[in-house]
Structures are given as structure tokens and as C-alpha cells.
Amino acid sequence: TLNDPEREQDAGDLWVHPLPGIEPGCVLLSNPKGHTAQQKYFKSSVLVLIEHGNAGSIGFINNRPTPYTVGEVAPSLEMFGSCPL
């Protein structure tokens, strides 16, 4: 398990492991009790972070359809530009 001290040294070998901070490529699970009424779209969501920096973060909610394409939210991902989110 992840909480096993003997596995801590091998955490890099796991596909799920603790990180010191969020970074592009992270899959984030929403906290079911951590959202205000204005943030209800995050309730029970699974987010994939595609950009993160001082100016903010960009990601998409993986378990909800949207009217957008990858190219509209992340122009740098040209290969996936026409793929729906």
C-alpha cells in the first residue's frame, strides 16, 4: 500500500504516488465537501491537469462532457486540437 514505509523508497515505481505539488499530467479527485455553491461544477469530478504555473492552471473535467475541443483550451496540444473534451 502507499502508506507502507517499506514502499516509500519505491514510490516512483507506482503509478499512484504522493507528489510535493501538483504538476501537468496529474489526475485530481475533487473533495466532495470542499466546494461552494459557485463551484458546484467541481462536485464529484475527476480533473486532468494539462498546464500549471504562476498564471494559473488549465485542466479538464474527465468525467463530464463539454462543448469544447482540446485545441480550444490548450492550443499547444496541436495533435489533439480537434478532439472533444
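Basis of the calculations
- Residues numbered from 1 in each chain as written.
- Predicted model: local features only at pLDDT ≥ 70, side-chain atom pairs only at ≥ 80, totals over all residues.
- Heavy atoms only, no water.
- Helix = DSSP H or I, 4+ residues; strand = E, 2+ residues; numbered from the N terminus.
- Contact = heavy atoms within 4.5 Å.
- Areas by Shrake-Rupley, 256 points an atom, 1.4 Å probe, with all protein chains shown as cover.
- Pairing = 2+ DSSP bridges.
- Patch = residues over 30% accessible without salt bridge, like charges linked within 9 Å, V, L, I, M, F, W, Y side chains within 5 Å.
- Salt bridge = Lys/Arg side-chain N within 4 Å of Asp/Glu carboxyl O.
- Buried < 20%, exposed > 50% of the residue type's maximum accessible area, 1.4 Å probe, protein only.
- Axes fitted to C-alpha atoms, helices over the stretch in contact; angles between N-to-C directions.
- Polar contact = N/O pair within 3.5 Å; in protein donor to acceptor, adjacent residues only side chain to side chain.

Draft legend 1. Structural context of the overall build of the protein. Counting its secondary structure elements, the protein contains one helix and three strands. Helices (α) and strands (β) of the protein occur, in sequence order from the N terminus, as β-β-β-α. Across the protein, contacts joining residues at least 24 apart in sequence account for 14% of those joining residues at least 6 apart. Total accessible area on the protein stands at roughly 6,900 Å², and carbon and sulfur atoms take up 57% of it.

Draft legend 2. Representation of the pairing of strand β3 (residues 56-61). Pairing between strand β2 (residues 46-53) and β3: six bridges, direction antiparallel. Bridge pairing in β3 places Leu 49 opposite Gly 59. The hairpin turn running from β2 into β3, its antiparallel successor, is two residues long.

Draft legend 3. Focus on a nonpolar patch on the surface. A contiguous nonpolar patch, built from Leu 77, Met 79 and Phe 80 and spanning about 320 Å² of accessible area, is present on the exposed surface. Turning to its location among the elements, Leu 77 is positioned in the segment after α1 (70-73). On the basis of relative accessible area, Leu 77 is assigned to the partly exposed category, the value being 32%.

Draft legend 4. Broad picture of the sheet that holds β2. Across the sheet, which stays open at both edges, the three strands sit in the order β1-β2-β3 with antiparallel pairing between neighbours. Strand pairing shows two members of the sheet lacking a second neighbour, β1 (27-29) and β3, which therefore form its edges. Strand-to-strand, the axes of this sheet are offset by a mean angle of 40°, without reference to chain direction. Taken together, the three bridges between β1 and β2 define a ladder with antiparallel strand orientation. Across the sheet, the residue bridging to Leu 28 is Leu 47, located in β2.

Draft legend 5. Summary view of the environment of Lys 43. You can see Lys 43 is positioned in the loop between β1 and β2. Discounting residues that sit within four places of it in the chain, Lys 43 has contacts with Ser 30, His 35 and Arg 64.

Draft legend 6. Just the environment of Ser 57, in detail. Considering the arrangement of structural elements, one finds Ser 57 in strand β3. For Ser 57, a relative accessible area of 42% gives the class partly exposed. The contact partners of Ser 57, leaving out residues within four places of it in the chain, are Leu 49, Glu 51 and His 52. Polar side-chain contacts of Ser 57 include one of 2.5 Å to the side chain of His 52.

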